[in-house]
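So you can see what is in the structure, the chains are spelled out below.
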Amino acid sequence: MSNPEQEQQHPGRIMSREIREQPETLRRLLATGASRIQDVARQVAARGPRFVLLTARGSSDNAALYAKYLLEIRLGLPCGLASMSTTTAYGARPDLRDVLVITVSQSGGSPDLVASTKAAREAGAITVAVTNNPDSPLAAVSEHHIDIMAGPEKALPATKTYTASLLALYLFVEGLRGADGSTAAAALPDLAAGLLARHDEVRTLASRYRFAERMVITSRGYGYPTAKEVALKLMETSYIPALAYSGADLLHGPLAMVDNISPVVAVVTDGQGGLALQPVLDRLRDRGADLMVVGPEARVAEASAGFVLPTTGVTEDVQPVLEILPLQLLAYEVAVARGQNPDAPRALVKVTETR
């Protein structure tokens, strides 16, 4: 049981505990939530959506981007990331008949998410809310709700709600195509536990970035949402300017700022995304970048530093659930090394009420 006094005395204790809870969170979602997700997926699939809009903010936006890759690759459905201000600020009311609108939110309480989802449903959309709070305003205005079942999350940086959102979205997309995603995801809880047991490896890596003035995070394909999420985690916990780029976009200009004192973290999936990133890794090494790779052993061996991920038997589309775990630990360790409290980053609140 957690001790509030100890958590106050040891900055980052809450975030650390919630990171460690992730294997059990994933296990619970697979055991008790998968069938409900399958049921929602069947109901949505029966209505034959022709397009998907994904709506989210913050870490949930990165989870939504992951869903975009899944939907476009696995189902061939065109997808877009919604611009909520077109509805909430400008009053636009597009025709959303036969459009699936998926809104991802940990709390389900941000007014702009609620308002835009309500407007989408009124405009004819099929609305699905993916939240950690089945009693939230967002769940109430949506036609369907998926509970990610992560339990209370008290640290401001999202950790277990992020990975639970990824798994829930994966199960939902597989359900849309008439498949049972539980089989491919069954190994994730045990693999996650194994990764988190290697905390000391991450602590050693974190010492490289204690005094970093900026960092660049890159990936391609399914790994790109992970790159964006770790950049967010570093910025909100350590206040390091962390810039996330698709490997392709990095070559279109930003590569010029990379030199031998600019740390670069590359998230390399074992699959087509990793193959597409290889030319970028080659260019980074040519520039003498301080390159850390999180990915398969062969790619880590070619870098300045790295963390090897288990990929045998893990399909590329579920690897993001594992990829983020050592990078959450990295953000935590860098923040603590820099004297920050990752549980309560300055100027932030848990439920951000944008409009």
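Worth saying up front: this structure is predicted, and the values here are computed from it rather than measured. (Residues numbered from 1 in each chain as written. Predicted model: local features only at pLDDT ≥ 70, side-chain atom pairs only at ≥ 80, totals over all residues. Heavy atoms only, no water.)

With that out of the way, let us pick up the side chain of Arg299. Here Arg299 lies in helix H15 (residues 297–301). Buried and unpaired, Arg299 has Glu302 as its nearest opposite-charge partner, separated by 4.2 Å. In contact with Arg299, other than residues within four places in its own chain, are Val268, Leu275, Gln278, Leu281 and Val293. (Helix = DSSP H or I, 4+ residues; strand = E, 2+ residues; numbered from the N terminus. Buried < 20%, exposed > 50% of the residue type's maximum accessible area, 1.4 Å probe, protein only. Lys, Arg positive; Asp, Glu negative; His and termini not counted. Salt bridge = Lys/Arg side-chain N within 4 Å of Asp/Glu carboxyl O. Contact = heavy atoms within 4.5 Å.)

Here we come to the packing of helix H8 (residues 160–176) against helix H16 (residues 319–337). Direction vectors running N to C along H8 and H16 enclose 170 degrees, while the axes themselves pass 10 Å from each other. In terms of orientation, H8 lies roughly antiparallel with respect to H16. Facing Tyr162, Thr163, Leu166 and Leu167 of H8, the residues of H16 in contact are Pro320, Val321, Ile324, Leu325 and Gln328. Taken together, the residues of the contact of H8 with H16 sort by class into seven nonpolar, two polar and no charged. (Axes fitted to C-alpha atoms, helices over the stretch in contact; angles between N-to-C directions. Parallel < 35°, antiparallel > 145°, perpendicular 65-115°, else oblique. Nonpolar A, V, L, I, M, F, W, Y, C, P; charged D, E, K, R; others polar.)

Glancing now at the pattern of salt bridges. Applying the stated criterion across every chain yields a total of 22 salt bridges. In this structure, Arg97 and Asp95 form a salt bridge, with 2.5 Å as the shortest nitrogen-oxygen distance. Glu201 is paired through a salt bridge with Arg198; the nearest N and O atoms lie 2.8 Å apart. Classification of Glu201 as partly exposed rests on a relative accessible area of 36%. One continuous salt-bridge network, built from bridges that share partners, spans Arg74, Glu174, Arg177 and Asp317.

This part takes up the sheet that holds strand E4 (residues 126–131). Read across the sheet, five strands follow the order E2-E1-E3-E4-E5 without closing on themselves; strand pairing throughout is parallel. Both outer strands of the open sheet, strand E2 (79–81) and strand E5 (144–147), are each paired with one neighbouring strand and no more. Neighbouring strand axes in the sheet, compared pairwise and without regard to direction, differ in orientation by 20 degrees on average. With five bridges connecting them, strand E1 (residues 51–55) and strand E3 (residues 99–105) associate as parallel partners. Residue Thr55 lies in a different strand from E3, and its bridge partner there is Thr103. Lying on the sheet, helix H3 (residues 22–45) is in contact with E3, E4 and E5; it crosses E5 at an angle near 160 degrees. Sheet strands touched by helix H4 (residues 58–75): E1, E2 and E3. Its angle to E2, the strand with the most contacts, is close to 165 degrees. (Pairing = 2+ DSSP bridges.)

Right, let's talk about unusual backbone geometry for a bit. Here the phi dihedral of Met149 falls at roughly 60 degrees; this positive angle occurs in a residue that is not glycine. Checked against the element boundaries, Met149 lands in the loop between E5 and H8. At Tyr239, a position not held by glycine, the phi torsion is positive, near 65 degrees. As for its placement among the helices and strands, Tyr239 is situated in the loop between helix H12 (224–238) and strand E7 (242–246). Judged by its relative accessible area of 22%, Tyr239 falls in the partly exposed class.

Scanning the model with the defined rule gives two aromatic pairs in all. Aromatic pair Tyr69 and Tyr222: ring centres 6.2 Å apart, planes at 50 degrees, arrangement tilted. You can see Tyr69 sitting in helix H4 and its partner Tyr222 sitting in the loop between strand E6 (215–219) and H12, a full 153 residues away along the chain. Through pairs of rings, three or more aromatic residues link up here, namely Tyr66, Tyr69 and Tyr222. The residue whose ring lies beneath Arg198 is Phe307, and the NZ or CZ to ring-centre distance is 3.9 Å. (Phe/Tyr/Trp six-rings, centres within 6.5 Å; stacked < 30°, edge-to-face > 60°. Lys NZ or Arg CZ within 6 Å of the ring centre and 35° of its normal.)

Within the secondary structure, Gly80 is located in strand E2. Classification of Gly80 by relative accessible area gives buried; the value is 14%. Setting aside chain neighbours within four positions, we find Gly80 in contact with Phe51, Val52, Leu53, Leu54 and Lys68.

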